[in-house]
Amino acid sequence: MRADRLVAALLLMQARGRVTAAELAEELEISVATARRDLAALGTAGVPVYPQPGRNGGWSLVGGARTDLTGLSSAEARALFLLVGPAAAGSDEARAALRKLVRALPQTFRAEAEAAAGATVVDRTRWSGRDRPRPELVDLLQTAVIRRRKVRLSYVGGDRKRSERLVDPWGLVDKDDVWYLLAGTELGQRTFRIDRIVEAEPTEQPAERPDGFTLGAAWRAVVGEVEQRRSRTWATVLVEPRYLPVLRDQFGRHCRPDDEQGDGRARVRLAAPTALDIARHLAGWGALVEVLEPPSVRAELARIGTELAARYSADG
């Protein structure tokens, strides 16, 4: 029998005390004959189950034996389904698994668990933004990570050059709908954008992973390095305090309010990779923002302003 059906059968017997082949068949969407074979296979495999014949009979766990898969409190079940409910929205398999888990819970928990699973919708697309589909290679790479097998990649880097690499896949990260693969290479740890992977071929070669490696810690280090590169140029500006939320939305963690000036405006530090990047963000603000320094940002704003005036002047 399939492992997922074994787990589901155990959960159902634990939650209900007794289950018939017909009930199991309905829950798992299989035939009654297959359900009977699965239940018999549980006993053959050493699971303490026994059949009770008769009108009110069925299959039960001996002595009310319990698995380690439930035993959740009401608060724990609610927290679990609040977490997994939104995540299951994009997958038929995940939704089916979620329904089976709900049915496997004790009766008193089911209504609240179902409500928790549908209480939140996660919409990752920004207003007026475009929806980014999940890359097709995500499932293949996740399987390679789980099985710990090397993968042969055909990758196009930021310089648009294509290269072939044999990597040890360590984990995947979904950041703002952009997927990344963290992997080991001959040159050490590298981060690959999955939308730049042209081809990925799993191998049967065992993948290596450093002792003590955790994906969360490794990704935090990557984020720190990237954000440092994205904040090479800093500018000091003056803006009315009511516009600070808009600046924060544009510059994120690289917007750092300082203090208020005598005229009521706030002094703010802003960062981006280059002076031109800062100027491009601020050009549309017009006179609402005053750049105090550095001169390079002021010069870029002046250049942009001159170009716009030339293009859109009344004489043009």
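Fair warning: this is a prediction, and the values are worked out from it, not measured in the lab.

What counts, and at which threshold
Residues numbered from 1 in each chain as written. Predicted model: local features only at pLDDT ≥ 70, side-chain atom pairs only at ≥ 80, totals over all residues. Heavy atoms only, no water. Helix = DSSP H or I, 4+ residues; strand = E, 2+ residues; numbered from the N terminus. Rg over C-alpha atoms; globule rule 2.2 N^0.38 Å. Buried < 20%, exposed > 50% of the residue type's maximum accessible area, 1.4 Å probe, protein only. Contact = heavy atoms within 4.5 Å. Lys, Arg positive; Asp, Glu negative; His and termini not counted. Charge placed at Lys NZ, Arg CZ, Asp CG, Glu CD. Arc of directions from axis to C-beta. Axes fitted to C-alpha atoms, helices over the stretch in contact; angles between N-to-C directions. Parallel < 35°, antiparallel > 145°, perpendicular 65-115°, else oblique. Nonpolar A, V, L, I, M, F, W, Y, C, P; charged D, E, K, R; others polar.

**Student:** Mind showing me how you'd approach the overall build of the protein here?
**Tutor:** For the protein, the count of helices and strands is 11 helices and 11 strands. Taken against the 2.2 N^0.38 rule, which gives 20 Å for 316 residues, the C-alpha radius of gyration of the protein at 29 Å runs more than 25% over that of a compact globule. Along the first, second and third principal axes, the C-alpha atoms of the protein reach 95 × 50 × 40 Å. Across the 316 residues of the protein, 34% fall into the buried class. Long-range pairs, those at least 24 residues apart, make up 58% of the contacts in the protein between residues at least 6 apart in sequence. Considering the protein, the positive charge centre built from 48 side chains and the negative charge centre built from 43 side chains are found 3 Å apart.

**Student:** Please explain helix H7 (residues 137–147) as it appears in this structure.
**Tutor:** Residues lying three or four places apart along an α-helix face the same way, a consequence of the helix completing one turn every 3.6 residues. Of all the positions in H7, only Leu-137, Val-138, Leu-141, Ala-144 and Val-145 are classed as buried. Axial view of H7: buried residues confined to an arc of 125°, hence all on one face. Contacts made by the buried residues of H7 are with strand E3 (149–156), strand E4 (162–175), strand E5 (178–185) and strand E7 (197–206). Of the residues one or two after H7, Arg-148 is the one with positive phi, at around 55°.

**Student:** Where do I start with the side chain of Asp-177 in this structure?
**Tutor:** Positionally, Asp-177 belongs in the loop between E4 and E5. Classification of Asp-177 as buried rests on a relative accessible area of 16%. In contact with Asp-177, other than residues within four places in its own chain, are Arg-124, Thr-125 and Arg-132.

**Student:** Teacher, can you tell me more about the packing of helix H2 (residues 21–28) against helix H3 (residues 32–44) here?
**Tutor:** Describing two packed helices takes the angle between their axes plus the distance from one axis to the other. Relative orientation of the contacting elements H2 and H3 amounts to 110°, with a least axis distance of 8 Å. Here H2 lies roughly perpendicular to H3, going by the angle between them. Between H2 and H3, the contacting residues are Ala-21, Ala-22, Leu-24 and Ala-25 on the first element and Val-32, Ala-35, Arg-36 and Leu-39 on the second. Its residues assigned to classes, the contact of H2 with H3 comprises 7 nonpolar, no polar and 1 charged.

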